[in-house]
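Topology and contacts: notes
So the chains spell out like this:
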Amino acid sequence: MSYPQYPQQQTPQQTLQGGEPPLWAPYYGAPLPAAVKRFFKKYATFSGRASRSEFWWWALVSFAVSIVLNIITSATTPASLDSAPALGAGSILAVLWALATLVPSLALLVRRLHDAGFSGLLALLLLVPFLGALAVLVLTILPSKPEGQKYDQPAGT
């Protein structure tokens, strides 16, 4: 059974903001720049919902940055057989990137699970080796469900 994506209702405030929905609402059909901007604006917001486009655009950006950092790491890390590998500039950047995006990535995952109608606690499945990650992948692919609206709590209303 498939649930259609819900059309965004335009409010006067949205018209002034360029047609984007408020931050508390999921942005269905979000373009890449808007998805990345919303990711950083909702840095540690675990409540609410995130559309599939918000989630998967961020996943693509994160994957691309990780590939670039891995290339930099392999180019800058000295390979020495007789001593422990030293941390190169790429390794330091990769660690900083991972630390800077860990909490917002988990928050986005929880919001995506909410939009699919599931509890955010299902993100704990990631602690189960391999099968947990596979289960979370399947849950994030699922379409939005009307039951997910119970997680919407507009700020200030």
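Structure: see above.
I will try to describe carefully the structure that is included in this document. Everything numeric here is computed off the predicted structure, so don't read it as measured data. (Residues numbered from 1 in each chain as written. Predicted model: local features only at pLDDT ≥ 70, side-chain atom pairs only at ≥ 80, totals over all residues. Heavy atoms only, no water.)

Take Arg 49: it is sitting in the loop between α2 (32-41) and α3 (52-76). Overall, Arg 49 belongs to the buried group, its relative accessible area being 4%. Taking the C-alpha atoms as reference points, Arg 49 and Leu 109, 60 residues apart in sequence, are found 9.3 Å from one another. A polar contact is formed between the side chain of Arg 49 and the side chain of Tyr 28, at a distance of 3.4 Å. A polar atom in the side chain of Arg 49 sits 2.7 Å from the side chain of Asp 152. (Helix = DSSP H or I, 4+ residues; strand = E, 2+ residues; numbered from the N terminus. Buried < 20%, exposed > 50% of the residue type's maximum accessible area, 1.4 Å probe, protein only. Polar contact = N/O pair within 3.5 Å; in protein donor to acceptor, adjacent residues only side chain to side chain.)

A separate point is a nonpolar patch on the surface. A cluster of nonpolar side chains, namely Trp 56, Val 128, Phe 130, Leu 131, Leu 134, Leu 137, Val 138 and Ile 141, defines an oily patch on the protein surface of about 760 Å² accessible area. Per-element tally for the nonpolar patch: the top contributor is helix α5 (residues 131-141), with five residues. If you trace the backbone, Leu 137 turns up in helix α5. (Patch = residues over 30% accessible without salt bridge, like charges linked within 9 Å, V, L, I, M, F, W, Y side chains within 5 Å. Areas by Shrake-Rupley, 256 points an atom, 1.4 Å probe, with all protein chains shown as cover. Salt bridge = Lys/Arg side-chain N within 4 Å of Asp/Glu carboxyl O.)

On to the nonpolar core. Within the largest apolar cluster, 11 residues are counted, these being Phe 39, Ala 50, Phe 55, Trp 58, Leu 108, Leu 109, Val 110, Leu 113, Ala 123, Val 136 and Leu 139. Secondary structure elements with two or more residues in this core: α3, α4 (89-115) and α5. If one sorts the elements of this core by residue count, α4 sits on top with four residues. (Core = buried A, V, L, I, M, F, W, Y, C linked by side-chain atoms within 4.5 Å.)

With respect to the secondary-structure elements, Thr 73 resides in helix α3. Leaving out residues up to four positions away in the same chain, Thr 73 has contacts with Gly 90, Ser 91 and Ala 94. (Contact = heavy atoms within 4.5 Å.)

Moving on: unusual backbone geometry. In the Ramachandran plot, Phe 130 falls in the positive-phi region, its phi being about 55 degrees despite a non-glycine side chain. Assessed through its relative accessible area of 65%, Phe 130 is described here as exposed.

Moving on, we come to α5. Turning to α5, its buried residues number three or more, namely Gly 132, Val 136, Leu 139 and Thr 140. Taken end-on, α5 shows its buried residues confined to a sector of 95 degrees, consistent with a single buried face. Here the buried face of α5 lies against α3 and α4. (Arc of directions from axis to C-beta.)

Turning to the packing of α3 against α5, a few remarks are in order. The contact between α3 and α5 brings their axes to 10 Å, and the two run at 130 degrees. It follows that α3 is oblique to α5 by the angle criterion. Touching Arg 52, Phe 55 and Trp 56 of α3 are Leu 137, Thr 140 and Ile 141, all from α5. Split into classes, the residues belonging to the contact of α3 with α5 amount to four nonpolar, one polar and one charged. (Axes fitted to C-alpha atoms, helices over the stretch in contact; angles between N-to-C directions. Parallel < 35°, antiparallel > 145°, perpendicular 65-115°, else oblique. Nonpolar A, V, L, I, M, F, W, Y, C, P; charged D, E, K, R; others polar.)

Right, let's get into α3. For α3, spanning 25 residues, the distance from its first C-alpha to its last is 36 Å, which sits close to the expected 36 Å at 1.5 Å a residue. Buried within α3 we find Ser 53, Glu 54, Phe 55, Trp 58, Ser 62, Leu 69 and Thr 73. Where α3 is buried, its residues contact α2, α4 and α5. (Expected span 1.5 Å × (residues − 1).)

Mapped onto the elements, Arg 112 comes out in helix α4. Polar side-chain contacts of Arg 112 include one of 2.8 Å to the side chain of Asp 115. Among all residues touching Arg 112, those that are not within four sequence positions of it are Ala 50, Ser 51, Arg 52, Phe 55, Thr 140, Leu 142, Pro 143 and Ser 144.

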